[in-house]
Amino acid sequence: MSTSSGLPGPLAALDAFSERLGRGLSWLILAMMIIQFLIVVLRYAFSVNSIPMQESVMYMHAAVFMLAAAYTLKHGGHVRVDIFYRAMSPRRKALVDLLGTLLLLLPVMGFVIATSLGYVGKSWAIFEGSPDAGGIPGVFLLKTLIPAFAVLMIVQGIVEIYRNILILKGRLDPNALTHDADEEHL
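Residues numbered from 1 in each chain as written. Predicted model: local features only at pLDDT ≥ 70, side-chain atom pairs only at ≥ 80, totals over all residues. Heavy atoms only, no water.

Caption draft 1: The arrangement of the packing of helix α1 (residues 9–46) against helix α2 (residues 51–67) in detail. Direction vectors running N to C along α1 and α2 enclose 155 degrees, while the axes themselves pass 9 Å from each other. As the angle between them shows, α1 and α2 are arranged roughly antiparallel. Once α1 is placed against α2, the crossing between them reads as left-handed. In this structure, α1 contributes Leu 21, Leu 25, Leu 28, Ile 29, Ala 31, Met 32, Ile 35, Gln 36, Leu 38, Ile 39, Leu 42 and Arg 43 to the contact, and α2 contributes Met 53, Gln 54, Ser 56, Val 57, Met 60, His 61, Ala 63, Val 64 and Leu 67. Tallied by class, the residues present in the contact of α1 with α2 amount to 16 nonpolar, four polar and one charged. (Axes fitted to C-alpha atoms, helices over the stretch in contact; angles between N-to-C directions. Helix = DSSP H or I, 4+ residues; strand = E, 2+ residues; numbered from the N terminus. Parallel < 35°, antiparallel > 145°, perpendicular 65-115°, else oblique. Left-handed = near helix turned anticlockwise from the far one by under 90°. Contact = heavy atoms within 4.5 Å. Nonpolar A, V, L, I, M, F, W, Y, C, P; charged D, E, K, R; others polar.)

Structure representation (structure tokens):
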């Protein structure tokens, strides 16, 4: 029932979902660049201003930032002070990652969910739209990214907990993981 990642089927599927979501969201970066270029050209070359285009860049940026955070966690790309971590053995890194996930990530994401639900719920209750005339009428959707971000982080956190437990038990080779494949090594 294990997959090539060493994770059981359901956890491997969640891990793969984070991967696909992150890769899919990366296309929004290209769309943001193109739309931002068009905004600048339209404004300065033709004196045309488009609030929906400007807001769409903000919406895409929020989606990339909030929804790709789990992908970044999967690939070990979140900022950490690694003065000591860098020199640790893979098993010790797994222990630090496990404790960090259990003691920091999960409680903070639970707090984010608990504190954002009222805020998001009020926005949905009135189907909050843009404060600017002609803007995108979906601010409630934008605010929904907050708890969605936390849920995705919790899901990936659970995958990382299991992965680190497997490393600590010696059932998963930490060197076979591609977490830092794109990281520059000194």
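Caption draft 2: The arrangement of unusual backbone geometry in detail. Look at Ser 47: it is not a glycine, yet its phi comes out positive at around 55 degrees. Mapped onto the elements, Ser 47 comes out in the loop between α1 and α2. Not every positive phi belongs to a glycine, and Phe 127 is a case in point at roughly 45 degrees. Note that Phe 127 resides in the loop between α4 (90–125) and α5 (139–168). The exposed category is assigned to Phe 127, whose relative accessible area is 52%. (Buried < 20%, exposed > 50% of the residue type's maximum accessible area, 1.4 Å probe, protein only.)

Caption draft 3: Fine view of the nonpolar core. Ranked by size, the top nonpolar core spans 21 residues in total, and within it Leu 67, Met 109, Leu 145, Phe 149, Ala 150 and Met 153 carry the most contacts. Mapped by element, the contributors of at least two residues to this core are α2, α3 (69–74), α4 and α5. It is α5 that provides the largest number of residues to this core, a total of seven residues. Beyond its immediate stretch of four places on either side in the chain, Phe 149 contacts Met 66, Leu 67, Ala 69 and Met 109. (Core = buried A, V, L, I, M, F, W, Y, C linked by side-chain atoms within 4.5 Å.)

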